[in-house]
Amino acid sequence: MSINFEALDLRAFIAVVELEGFHRAAEALNMSQPALSRRIQRLEAAVGAALLERTTRRVALTMVGREMLPLVRRMLDEFDSSIFAMRDLGTRRAGQIALACVPTAAFYFLPSVIARFSEQYPNIRFRILDLSANDGLESVARGEVEFGINLLGGSDPDLSFEPLLEDPFVLACRRDHILAGKPSLAWADLEGHPLVTVSRASGNRAILDAALVRVGVRLDWSFEVTHLSTSLGLVEAGLGISVLPRLATPTGEHPIIVTRPIRDPEVSRTIGVVRRRGVRLAPAAERFLDMLLGTWRGPLPQRK
């Protein structure tokens, strides 16, 4: 069974969605509204379902249209990248890499690898979606990105998870806090100090809570936040201490915040690469993933 549509049909769909109507989209694409409608109809016929709901006042995406939108954007991105790569063939290596990354890894873990990769391939563009663990998995599963850097593999049998490194949970506190004077801590040392934690909806909170329940340790929190970056702001203001993955803590000599390892037990999360099974990556993404795996597989490098 063949699927018949053209790249311009996809561009017509994107234009109608982004410009919120057929009239403005037709003007932007320099075509008549009937011609634009035929483009949308041909795409819907190829998909086998309506993508847009048309009313007299507005245009909205159907459920299928919402699912299609990120895929169409990625298809056009890859098509445009391929055209540019062919145009530049013989003079430079070009392309685009789209990936999803949990925010804590996007802050410290990812930029150092991108910097090394860009030295070898300066014309490769990156589209990075810093998403929560669950949203990142969905982005990979939908094909919106080629792979993800995540802290869990999920239950989708169509996705694979390849571990990269172990990221331990550590204490973050102010330099003038009493706990900062200890080179390492036991969980019991945290008792009696106001604690900042992320919400139960966070994958990091789920990993930490599950590990501590197994060893009979319970943390009583004073502040609950949505993002780990917010917890660091509260710590910096002297409102409490926080337990968070080391990748989420400041690197180097921070003027206010220090981190300390917590032992007995040491709790860590596994950072890894999520990808769709049986789907071949674009050459640029394959080269970047090889560098990523070669650079970071194993224990997290020690910080000074």
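Scroll up for the structure.
The following refers to the structure shown. (Residues numbered from 1 in each chain as written. Predicted model: local features only at pLDDT ≥ 70, side-chain atom pairs only at ≥ 80, totals over all residues. Heavy atoms only, no water.)

### Some thoughts on the overall build of the chain
Now for step 1: The helix and strand tally for the chain stands at 10 helices and 13 strands.
Now for step 2: Pairs at least 24 residues apart make up 73% of the contacts formed inside the chain by residues separated by at least 6 positions.
Now for step 3: Accessible surface, the chain as shown: approximately 16,300 Å² in total, 52% of it carbon and sulfur. (Helix = DSSP H or I, 4+ residues; strand = E, 2+ residues; numbered from the N terminus. Contact = heavy atoms within 4.5 Å. Areas by Shrake-Rupley, 256 points an atom, 1.4 Å probe, with all protein chains shown as cover.)

### Considerations on the layout of surface pockets
Now for step 1: The volume enclosed by the largest pocket comes to roughly 640 Å³.
Now for step 2: Lining the largest pocket are 25 residues, and of these Pro103, Thr104, Thr226, His227 and Leu228 sit closest to its centre.
Now for step 3: Elements represented by at least two residues in the lining of the largest pocket include exactly helix 5 (103-107), helix 7 (133-141), helix 8 (203-214) and helix 9 (228-236).
Now for step 4: By residue class, the composition of the lining of the largest pocket is 14 nonpolar, 11 polar and no charged. (1 Å grid on protein atoms, 1.4 Å probe; cavity = no way out; pocket = protein on both sides within 12 Å on 5 of 7 lines; lining within 4 Å. Points joined across faces, edges and corners; volume = space filled by probe spheres on them. Nonpolar A, V, L, I, M, F, W, Y, C, P; charged D, E, K, R; others polar.)

### What to know about helix 9
Now for step 1: All of the buried residues in helix 9 are Leu228, Ser231, Leu232, Leu234 and Val235. For helix 9, the angular spread of buried residues about the axis comes to 160°, placing them on one side.
Now for step 2: One or two steps after helix 9, the chain reaches Gly238, where phi turns positive at roughly 80°. (Buried < 20%, exposed > 50% of the residue type's maximum accessible area, 1.4 Å probe, protein only. Arc of directions from axis to C-beta.)

### Quick word on empty space enclosed by the protein
Now for step 1: In the structure shown here, the tally under the stated rule is one cavity of 30 Å³ or more.
Now for step 2: Size it by volume and the largest cavity reaches roughly 50 Å³.
Now for step 3: In terms of lining, the largest cavity is formed by Phe169, Thr197, Val198, Asn204, Arg205, Leu208, Leu228, Val243, Leu244 and Pro245.
Now for step 4: Elements with a contribution of two residues or more to the lining of the largest cavity: strand 8 (195-198), helix 8 and strand 10 (241-245).
Now for step 5: Residues of the lining of the largest cavity, tallied by class, amount to seven nonpolar, two polar and one charged.

### Quick look at the environment of Leu51
Now for step 1: Position of Leu51 among the secondary structure elements: in the loop between helix 3 (33-47) and strand 1 (52-54).
Now for step 2: Here Leu51 falls in the buried class, since its relative accessible area comes to 0%.
Now for step 3: Leu51 sits 12 residues away from Met63 along the chain, and the two C-alpha atoms are 7.6 Å apart.
Now for step 4: Those residues in contact with Leu51 that lie beyond four places of it in its chain are Phe13, Leu43, Glu44, Ala60, Leu61, Thr62, Val64, Gly65 and Met68.

### Describing the pattern of salt bridges
Now for step 1: Counting across every chain of the model gives 14 salt bridges.
Now for step 2: A salt bridge links Asp9 to Arg42; its shortest N-O distance comes to 3.1 Å. In this pair, Asp9 sits in helix 1 (residues 7-19) while Arg42 sits in helix 3, placing the two residues 33 residues apart along the sequence.
Now for step 3: Overall, Arg42 belongs to the partly exposed group, its relative accessible area being 34%.
Now for step 4: For Glu286, the salt bridge goes to Arg275, with nearest N and O atoms at 4.0 Å. (Salt bridge = Lys/Arg side-chain N within 4 Å of Asp/Glu carboxyl O.)

### Topic: the nonpolar core
Now for step 1: The biggest cluster of nonpolar side chains holds 29 residues, and the ones touching the most others in it are Ile97, Phe109, Phe147, Ile149, Phe288 and Leu292.
Now for step 2: Listed by contribution, the elements that provide at least two residues to this core are strand 3 (94-101), helix 6 (109-120), strand 5 (147-150), strand 6 (159-174), strand 12 (268-276) and helix 10 (283-296).
Now for step 3: Grouped together as the second largest cluster of nonpolar side chains are 21 residues, Leu10, Met31, Val59 and Leu76 included. (Core = buried A, V, L, I, M, F, W, Y, C linked by side-chain atoms within 4.5 Å.)

### Observations concerning the packing of aromatic side chains
Now for step 1: Scanning the entire structure with this criterion turns up five aromatic pairs.
Now for step 2: Considering the side-chain rings of Phe117 and Tyr121, the 4.7 Å spacing of their centres and the 35° angle between planes classify their relative orientation as tilted. Accessibility classification places Phe117 together with Tyr121 in one group, the buried group.
Now for step 3: Here the aromatic rings of Phe117 and Phe288 are separated by 5.2 Å at their centres, their planes lie at 90°, and the arrangement is edge-to-face. (Phe/Tyr/Trp six-rings, centres within 6.5 Å; stacked < 30°, edge-to-face > 60°.)

### What to know about the environment of Gly294
Now for step 1: If you trace the backbone, Gly294 turns up in helix 10.
Now for step 2: When its relative accessible area of 64% is taken as the criterion, Gly294 is described as exposed.
Now for step 3: Separated by 130 residues in sequence, Gly294 and Leu164 have C-alpha atoms that sit 9.2 Å apart.

### Remarks on the packing of helix 1 against helix 3
Now for step 1: Relative to each other, helix 1 and helix 3 sit at 110°, their axes nearing to 9 Å. In terms of orientation, helix 1 and helix 3 fall into the roughly perpendicular class. Between helix 1 and helix 3, the contacting residues are Leu8, Asp9, Leu10, Ala12, Phe13 and Val16 on the first element and Leu36, Arg39, Ile40, Arg42 and Leu43 on the second.
Now for step 2: Class assignment for the residues of the contact of helix 1 with helix 3 results in eight nonpolar, no polar and three charged. (Axes fitted to C-alpha atoms, helices over the stretch in contact; angles between N-to-C directions. Parallel < 35°, antiparallel > 145°, perpendicular 65-115°, else oblique.)

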